[in-house]
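# Secondary and tertiary structure notes
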Amino acid sequence: MKKLILSLLALLVLVIMLGFQQQDFSDREAMIQAKVFERVEDYRLNLQKRCREKVMKEANARVDSILIIRSEEIHTVDSIPRPVRPVKPDKPVVPLLNKTEPIAPIIGNGERE
């Protein structure tokens, strides 16, 4: 029983001694600073990206409007002439049938030959 009490007492003293050890927070502070720097850099890059997209959108609108205005000022003449209309062939001459000849139907009336 004495051994059990002594071992529990030794364990308690060891835990108390480890609890009063001075902890080194320098690594933790460095990690926090690195994370803060990373987040600030990400925010700065995203802000630059949004600003660039906004500027490019505005520039495209201005360039398009300038091109439209200039296109109205410049009168272009097409240098390629339109081709001449082709000549239509003559209509084929179909001989008229003699009125005395009976006209045979093209499609049969259901009788099989």
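Reading the values: rules and limits
Residues numbered from 1 in each chain as written. Predicted model: local features only at pLDDT ≥ 70, side-chain atom pairs only at ≥ 80, totals over all residues. Heavy atoms only, no water. Helix = DSSP H or I, 4+ residues; strand = E, 2+ residues; numbered from the N terminus. Buried < 20%, exposed > 50% of the residue type's maximum accessible area, 1.4 Å probe, protein only. Areas by Shrake-Rupley, 256 points an atom, 1.4 Å probe, with all protein chains shown as cover. Salt bridge = Lys/Arg side-chain N within 4 Å of Asp/Glu carboxyl O. Patch = residues over 30% accessible without salt bridge, like charges linked within 9 Å, V, L, I, M, F, W, Y side chains within 5 Å.

### Some points on the overall build of the protein
On a plain count of helices and strands, the protein comes out with two helices and zero strands. In the protein, which comprises 113 residues, the share counted as buried stands at 0%. Total accessible area computed for the protein in this model is approximately 13,000 Å², and 63% of it derives from carbon and sulfur atoms.

### Remarks on the pattern of salt bridges
Inspection of the entire model under this criterion finds two salt bridges. A salt bridge links Arg 44 to Glu 41, with the shortest nitrogen-to-oxygen separation between them at 2.3 Å. On the criterion of helical spacing, the pair formed by Arg 44 and Glu 41 is a turn pair, its members being three residues apart in helix H2 (residues 26-73). For Glu 41, a relative accessible area of 23% corresponds to the partly exposed category.

### A look at a nonpolar patch on the surface
A cluster of nonpolar side chains, namely Met 1, Leu 4, Ile 5, Leu 8, Leu 11, Leu 14, Val 15 and Leu 18, defines an oily patch on the protein surface of about 870 Å² accessible area. Secondary-structure assignment places Leu 8 in helix H1 (residues 2-19). Assessed through its relative accessible area of 51%, Leu 8 is described here as exposed.

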